[in-house]
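Overview (structure and organization)
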Amino acid sequence: MDTIFRVAVIYLFVLVGLRLLGKREFGQLSPLELVTLLMIPEIVSQALTGDDHSLTNALVGASSLLALVLVTSLLKHRFQRLEVAIEGEPAVLVAQGRLRERALNLNRVSPDEVYSEMHKSGLERLEQVRWAILECDGRISVVPTDDARAKVGLESNEKDQNALG
């Protein structure tokens, strides 16, 4: 029982700590995936290195962690508030061509990061952005205005026709 308790305490501590760091720190991993990846080697390391000759203890620890991940996943699926608490919510960084300074500061996102994502989407000016949203996984999604979408679409069609022709 001691192993299960220790794993549960460490799991919750690491999950809360990583959640407090913010979604930009995770990159492409969800908090649960990151916690799991960090903890499995630590749990089984003692059994592998010989410090603790109990393979059973390592398996109980790893099984406890996987069970916690499963239970957390089921609870997140069942309770929307818990999902928001663990995963966070998307944050609107740009609305109708205007930077939202408060959202940028709360999420520690620089305007340069928004501009970089705009440029990747083929947009040149902030006024061409209807929405820029910081997703729960740390990526920034850019939604162009209808005018910008049409312009980008036309430019793509012209390039395709020139290449063919």
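Residues numbered from 1 in each chain as written. Predicted model: local features only at pLDDT ≥ 70, side-chain atom pairs only at ≥ 80, totals over all residues. Heavy atoms only, no water.

Per an unreviewed UniProt entry, the protein chain is named Membrane protein, and its organism is Caldimonas brevitalea. As recorded by UniProt, the Sequence similarities (unreviewed entry) comment attached to the protein chain reads in full: "Belongs to the UPF0702 family." Among the UniProt annotations of the protein chain, the heading Subcellular location (unreviewed entry) holds the following wording: "Cell membrane". (UniProt positions renumbered as here; feature names shortened; annotations may be inferred.)

We now examine unusual backbone geometry. Phi is positive for Gln96, which is not a glycine, with a value near 50°. Even without being glycine, Arg108 reaches a positive phi, approximately 55°.

Here the focus is the sheet that holds strand E3 (residues 129-134). Strand order across the open sheet formed by four strands is E2-E1-E3-E4, with antiparallel pairing between neighbours. Strand pairing shows two members of the sheet lacking a second neighbour, strand E2 (98-99) and strand E4 (140-144), which therefore form its edges. Across the sheet, helix H6 (residues 111-120) touches strand E1 (91-95), E2, E3 and E4, and the angle it forms with E4 is around 60°. (Pairing = 2+ DSSP bridges. Helix = DSSP H or I, 4+ residues; strand = E, 2+ residues; numbered from the N terminus. Contact = heavy atoms within 4.5 Å. Axes fitted to C-alpha atoms, helices over the stretch in contact; angles between N-to-C directions.)

Considering the arrangement of structural elements, one finds Ser64 in helix H3 (residues 55-78). Since its relative accessible area comes to 11%, Ser64 is described here as buried. Not counting residues up to four positions away in its chain, the partners in contact with Ser64 are Ile4 and Val7. (Buried < 20%, exposed > 50% of the residue type's maximum accessible area, 1.4 Å probe, protein only.)

Okay, a nonpolar patch on the surface next. Where nonpolar side chains cluster on the molecular surface, the patch consists of Val71, Leu75, Phe79 and Leu82 and spans about 310 Å² of accessible area. Following the sequence through the fold, Val71 ends up in helix H3. (Patch = residues over 30% accessible without salt bridge, like charges linked within 9 Å, V, L, I, M, F, W, Y side chains within 5 Å. Areas by Shrake-Rupley, 256 points an atom, 1.4 Å probe, with all protein chains shown as cover. Salt bridge = Lys/Arg side-chain N within 4 Å of Asp/Glu carboxyl O.)

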